Amino acid sequence: MLTRLFKWEKIRILLIYALYLVAALLLQSLLFSRIEILGLKGMILPAAVVAAAMYLGGVRGAVFGICLGLMTDWAFTDSIVLYTVLFSLIGFGVGFAAEFYLNNSFFAFLLFGIAATLLTGLAQFSLAFAAHGAEIIKGLFTVILQTLVSILPMMLLYLPFRRRKAGTRDR
């Protein structure tokens, strides 16, 4: 009876992505928030949204982004809804592009992961500029350096997806 009630393959995929979400959040908050390079801490969560959205598609990528954004907003006290809105937009945009225009290669992931991390840094800076009047040149320089520091750790986020065939998505 239960086997006909649920689609177990979809539940399995949901659990895998939930585990990926929790692992990315734990890596960010427990490891990469403690490691400083040039006084900056890496931000890998936008790249986690990119990696998941490339294989989930637009709508499911947005849902993954909303879930990770909510968890990030709860974990970090510097914003209320910044990450929820931003990660859902990144998830939808990358997922939509991956459905119709991109292949699921490492290079595409890295390019969009860097762009998402840069966009997240710019959103963080604009919030700091609006709230506290941060300096523009120092802020933009910090955003660029934070993105450069985040490139190496974000490469780890593609590892769970590297064996998947290009063009396959979880439906």
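Here the structure is shown first, and the text comes after it.
The rules behind these values
- Residues numbered from 1 in each chain as written.
- Predicted model: local features only at pLDDT ≥ 70, side-chain atom pairs only at ≥ 80, totals over all residues.
- Heavy atoms only, no water.
- Helix = DSSP H or I, 4+ residues; strand = E, 2+ residues; numbered from the N terminus.
- Expected span 1.5 Å × (residues − 1).
- Buried < 20%, exposed > 50% of the residue type's maximum accessible area, 1.4 Å probe, protein only.
- Contact = heavy atoms within 4.5 Å.
- Salt bridge = Lys/Arg side-chain N within 4 Å of Asp/Glu carboxyl O.
- Axes fitted to C-alpha atoms, helices over the stretch in contact; angles between N-to-C directions.
- Parallel < 35°, antiparallel > 145°, perpendicular 65-115°, else oblique.
- Left-handed = near helix turned anticlockwise from the far one by under 90°.
- Nonpolar A, V, L, I, M, F, W, Y, C, P; charged D, E, K, R; others polar.

Engineer: Talk me through helix 3 (residues 45-56); I want residue IDs and the actual numbers.
Structural biologist: Given a rise of 1.5 Å per residue, twelve residues ought to cover 16 Å, and the 16 Å separating the end C-alpha atoms of helix 3 matches this to within 8%. Counting buried positions along helix 3 yields twelve of twelve residues, so the element is predominantly enclosed. All buried positions along helix 3 are accounted for by Leu45, Pro46, Ala47, Ala48, Val49, Val50, Ala51, Ala52, Ala53, Met54, Tyr55 and Leu56. The secondary structure elements touched by the buried residues of helix 3 are helix 2 (8-32), helix 4 (58-75), helix 5 (82-100), helix 6 (106-132) and helix 7 (136-154). Note on helix 3: the residue one or two positions beyond its end, glycine 57, has a positive phi of about 100 degrees.

Engineer: Break down the pattern of salt bridges for me, with residues and values.
Structural biologist: Following the criterion strictly, the structure yields one salt bridge and no others. A salt bridge links lysine 138 to glutamate 135; the shortest N-O distance between them is 3.9 Å. In this pair, the class of lysine 138 matches that of glutamate 135, namely exposed.

Engineer: Kindly report on helix 7, identifying the contributing residues and their values.
Structural biologist: Between its first and last C-alpha atoms helix 7 spans 26 Å; for 19 residues at 1.5 Å apiece the expected length is 27 Å, and the two agree. Against helix 2, strand 1 (36-37), strand 2 (40-41), helix 3 and helix 6 lie the buried residues of helix 7.

Engineer: I'd like a description of the packing of helix 3 against helix 6, backed by residues and values.
Structural biologist: For any two helices packed against each other, the geometry is given by the interaxial angle and the distance between the axes. Contact pair helix 3 / helix 6: the axes reach a minimum separation of 8 Å and the direction vectors enclose 140 degrees. Comparing their axes, helix 6 and helix 3 come out oblique. Between helix 3 and helix 6 the crossing geometry is right-handed. Here Pro46, Ala47, Val50, Ala51 and Met54 of helix 3 come into contact with helix 6, specifically with Ala108, Phe109, Phe112, Gly113, Ala116, Thr117 and Thr120. For the contact of helix 3 with helix 6, the class distribution of residues is nine nonpolar, three polar and no charged.

Engineer: Can you explain the environment of leucine 122? Please cite residues and give values.
Structural biologist: Along the chain, leucine 122 turns up in helix 6. Along the chain, leucine 122 and alanine 53 lie 69 residues apart, while their C-alpha atoms are 21 Å from each other. If we skip the residues at most four places from it in the chain, leucine 122 touches Leu140 and Val143.

Distances and angles like these do not, on their own, reveal function.
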